[in-house]
Structure formats: structure tokens, C-alpha cells
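Each chain is listed here by its residues.
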Amino acid sequence: MNITLTNVDKNNYEDVCDLSVAENQYDYVAENTWSLVESKFNPSYQTPAICLDGKPVGFFMWVPETKRRISNW
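Residues numbered from 1 in each chain as written. Predicted model: local features only at pLDDT ≥ 70, side-chain atom pairs only at ≥ 80, totals over all residues. Heavy atoms only, no water.

Engineer: Looking at this structure, how should I read the side chain of Ser 35?
Structural biologist: Relative to the helices and strands, Ser 35 is located in helix α2 (residues 32-41). In this structure Ser 35 comes out as buried when scored by relative accessible area, which is 8%. Residues within four places of Ser 35 in sequence aside, it is in contact with Ala 30, Thr 47, Phe 59 and Met 61. (Helix = DSSP H or I, 4+ residues; strand = E, 2+ residues; numbered from the N terminus. Buried < 20%, exposed > 50% of the residue type's maximum accessible area, 1.4 Å probe, protein only. Contact = heavy atoms within 4.5 Å.)

Listed below in C-alpha cells is the structure:
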């Protein structure tokens, strides 16, 4: 079992967009597609995929709030 953080690119973005959270989390988490689009218009946002043996199984976004604070969305 090999867990890695991988950049989202043309080879894996569809798998990342297909990931979802549990239904009771819908009010708290944006769809991955929305986060990927948002990151394209905010170049400081980082959007790694969490991969298990090369296959995306999770996703998150790092967002710089200030010079000393980064949020994990």
C-alpha cells in the first residue's frame, strides 16, 4: 500500500471530480470540481489528490489566508 499526494492533472482530474463525501457532509464541503475551478483563478491555491497505489481516493485544497496562515479546505 503506497499513499502519496499527487498534482491533479489531465490524467487524473476526472477521477478526482468523481470523488464525493458522505451525504451528511454536503453542507460543509464543496464539490471537487468547484474547488479545481476555483484554484485555476487563484494560483496560490494548491489542490493535491490523495492517491492510494496511484489511484485518487481523496482530495483537499490548501488556501493561503495570510503570510503566516494556510487553511486546509
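Engineer: In this structure, what is going on with the nonpolar core? I would like to understand it.
Structural biologist: What tends to happen in soluble globular proteins is that the nonpolar side chains get buried as a cluster. Listed in full, the 6 residues of the largest apolar core are Val 8, Val 16, Leu 36, Ala 49, Cys 51 and Phe 59. If near-sequence neighbours (up to four positions away) are discounted, Phe 59 is found in contact with Val 8, Val 16, Asn 32, Ser 35, Leu 36, Thr 47, Pro 48, Ala 49 and Ile 50. (Core = buried A, V, L, I, M, F, W, Y, C linked by side-chain atoms within 4.5 Å.)

Engineer: Can you walk me through the sheet that holds strand β1 (residues 3-7) in this structure?
Structural biologist: Strand-to-strand pairing in sheets goes through backbone hydrogen bonds, with the strands running parallel or antiparallel. Taken together, the 3 strands give an open sheet; going across it, the order is β1-β2-β3, and neighbouring strands pair in antiparallel fashion. Sheet topology places β1 and β3 (55-59) at the edges, where each strand pairs with a single neighbour. With strand direction ignored, the average angle separating the axes of adjacent strands in the sheet is 40°. Pairing of β1 with strand β2 (residues 48-52), which is carried by 5 bridges, proceeds in the antiparallel orientation. Within β2, the position partnered with Ile 3 by the bridge is Leu 52. (Pairing = 2+ DSSP bridges. Axes fitted to C-alpha atoms, helices over the stretch in contact; angles between N-to-C directions.)

Engineer: Even after reading the chapter, I still don't get the packing of aromatic side chains, so can you show me in this structure?
Structural biologist: Any aromatic ring pair is given by two values, namely how distant the centres are and how the planes are angled relative to each other. Inspection of the entire model under this criterion finds 2 aromatic pairs. Look at Tyr 45 and Trp 73: their rings are 5.9 Å apart centre to centre, the planes differ by 70°, and that puts the pair in the edge-to-face class. Placement of the pair is Tyr 45 in the loop between α2 and β2 and Trp 73 in the segment after β5 (70-72), with a sequence separation of 28 residues. For Tyr 45, a relative accessible area of 16% corresponds to the buried category. With a centroid separation of 5.0 Å and an interplanar angle of 75°, the aromatic rings of Phe 60 and Trp 62 are classed as edge-to-face. (Phe/Tyr/Trp six-rings, centres within 6.5 Å; stacked < 30°, edge-to-face > 60°.)

As far as function goes, none of this settles anything; it's purely spatial.
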